[in-house]
Amino acid sequence: LKSKQSEPPVNFIQCSELHQVTSCAWVPDSCQLFTGSKCGVITAYLNRFTNSTPLEIEVESQIHLYGHSAEITSLFVCKPYSILISVSKDGTCIIWDLNRLCYVQSLSGHKSPVTAVSASETTGDIATVCDSVGGGSDLRLWTVNGDLIGHVHCREIICSVAFSNQPEGTSVNV
């Protein structure tokens, strides 16, 4: 990690081959860092800024979140709704509570590895992407409560997904 662009990076995480980091997410304006690993475990690092050196971070504690049985492919933090969303090669998508660092629910119906996830910071809607059996990608849209709004098959492969963050009524969010 780097606290300043001009500073050299600091080796913040020591991990074994099994817990090799495959994805990460940071909670804006907070001291929470999440990493997803090759074995399917999510590690929440609760950090604090040190008083000795400005902008230096040290780990206060680590919490492991278990729910996936294969490599974590993507993590997404939606701070306005206090959720972390994780997706995995095992086809699972899990919503976690950011405040209590616990399981909330799973979004089911993916028939292949889930490769990308995002959430709207204005509505809480969640978009997931998984590879389609016949080629291309399947895009699903969910409510923050886990209800499937709809899905579409795309011939092209979707590599990433994102929402715009304009206030509702001001702009069309896509």
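Keep in mind it's a predicted model, so treat the numbers as computed, not measured. (Residues numbered from 1 in each chain as written. Predicted model: local features only at pLDDT ≥ 70, side-chain atom pairs only at ≥ 80, totals over all residues. Heavy atoms only, no water.)

Engineer: Go over the packing of aromatic side chains with me, naming the residues and quoting the values.
Structural biologist: Summed over all chains, the structure comprises one aromatic pair. Between Trp96 and Tyr103, the aromatic rings sit 6.1 Å apart at their centres with planes inclined by 85 degrees, giving edge-to-face as the arrangement. We classify Trp96 as buried; its relative accessible area is 3%. According to the relative accessible area criterion, Tyr103 is partly exposed, its value standing at 45%. (Phe/Tyr/Trp six-rings, centres within 6.5 Å; stacked < 30°, edge-to-face > 60°. Buried < 20%, exposed > 50% of the residue type's maximum accessible area, 1.4 Å probe, protein only.)

Engineer: Can you explain the pairing of strand 11 (residues 137-142)? Please cite residues and give values.
Structural biologist: Of the pairings in the sheet, the one linking strand 10 (residues 126-131) to strand 11 comprises six bridges and is antiparallel in character. Bridge pairing links Ala127 to Leu141 in strand 11. Hairpin connection from strand 10 to strand 11: five residues lie between these consecutive antiparallel strands, with Gly135 at a positive phi of about 105 degrees. The pairing of strand 11 with strand 12 (residues 148-154) spans six bridges and is classified as antiparallel. Residue pairing across strands places Leu141 opposite Gly150, the latter belonging to strand 12. Counting the residues in the hairpin turn of strand 11 and strand 12 gives five residues, including Gly146, whose phi is positive at 90 degrees. (Pairing = 2+ DSSP bridges. Helix = DSSP H or I, 4+ residues; strand = E, 2+ residues; numbered from the N terminus.)

Engineer: Which residues make up the environment of Ser61, and what values go with them?
Structural biologist: With respect to the helices, strands and loops of the structure, Ser61 is situated in strand 4 (residues 57-65). Owing to a relative accessible area of 29%, Ser61 belongs among the partly exposed residues under this scheme. Measuring from C-alpha to C-alpha, the distance between Ser61 and Tyr45 comes to 6.1 Å, with 16 residues separating the pair along the chain.

Engineer: For unusual backbone geometry, give the residues involved together with the corresponding values.
Structural biologist: Generally, phi is negative for residues other than glycine and the peptide bonds are trans, each holding for most cases. Although it is not a glycine, Ser82 sits at a positive phi angle of roughly 50 degrees. Looking at the element boundaries, Ser82 is found in the loop between strand 5 (72-78) and strand 6 (83-88). Even without being a glycine, Leu101 presents a positive backbone phi close to 50 degrees. Along the chain, the position of Leu101 falls in the loop between strand 7 (93-97) and strand 8 (102-106). Judged by relative accessible area, which is 11%, Leu101 ranks as buried.

Engineer: Any details on the sheet that holds strand 11? Residues and values, ideally.
Structural biologist: Read from one edge of the open sheet, four strands run 9-10-11-12, paired in antiparallel fashion. Each edge of the open sheet carries a strand with a single partner, namely strand 9 (114-119) and strand 12. Each neighbouring strand pair of the sheet contributes to a mean axis angle of 15 degrees, computed without reference to strand direction. (Axes fitted to C-alpha atoms, helices over the stretch in contact; angles between N-to-C directions.)

Engineer: Please set out the sheet that holds strand 5 residue by residue, giving values where relevant.
Structural biologist: Backbone-to-backbone hydrogen bonds join strands into a sheet, with any given pair of strands oriented parallel or antiparallel. Pairing within the open sheet is antiparallel, and its four strands lie in the order 5-6-7-8. Here the strands that pair on one side only, and so sit at the sheet edges, are strand 5 and strand 8. Pairwise comparison of adjacent strand axes, ignoring direction, gives a mean angle of 25 degrees for this sheet. As paired strands, strand 5 and strand 6 are joined by six bridges and run antiparallel to one another. Each bridged residue has a counterpart across the sheet, and for Phe76 the counterpart in strand 6 is Ile85.

Engineer: Explain the pattern of salt bridges residue by residue, including any values.
Structural biologist: Applying the stated criterion across every chain, the model contains two salt bridges. With a shortest N-O distance of 3.6 Å, Lys89 and Glu71 are connected by a salt bridge. Taken together, the residues Lys89 in the loop between strand 6 and strand 7 and Glu71 in the loop between strand 4 and strand 5 connect sequence positions 18 residues apart. For Lys89, a relative accessible area of 44% translates into the label partly exposed. Ionic pairing is found between Asp97 and Arg100, a salt bridge with its closest N-O pair at 3.4 Å. Judged by relative accessible area, which is 13%, Asp97 ranks as buried. (Salt bridge = Lys/Arg side-chain N within 4 Å of Asp/Glu carboxyl O.)

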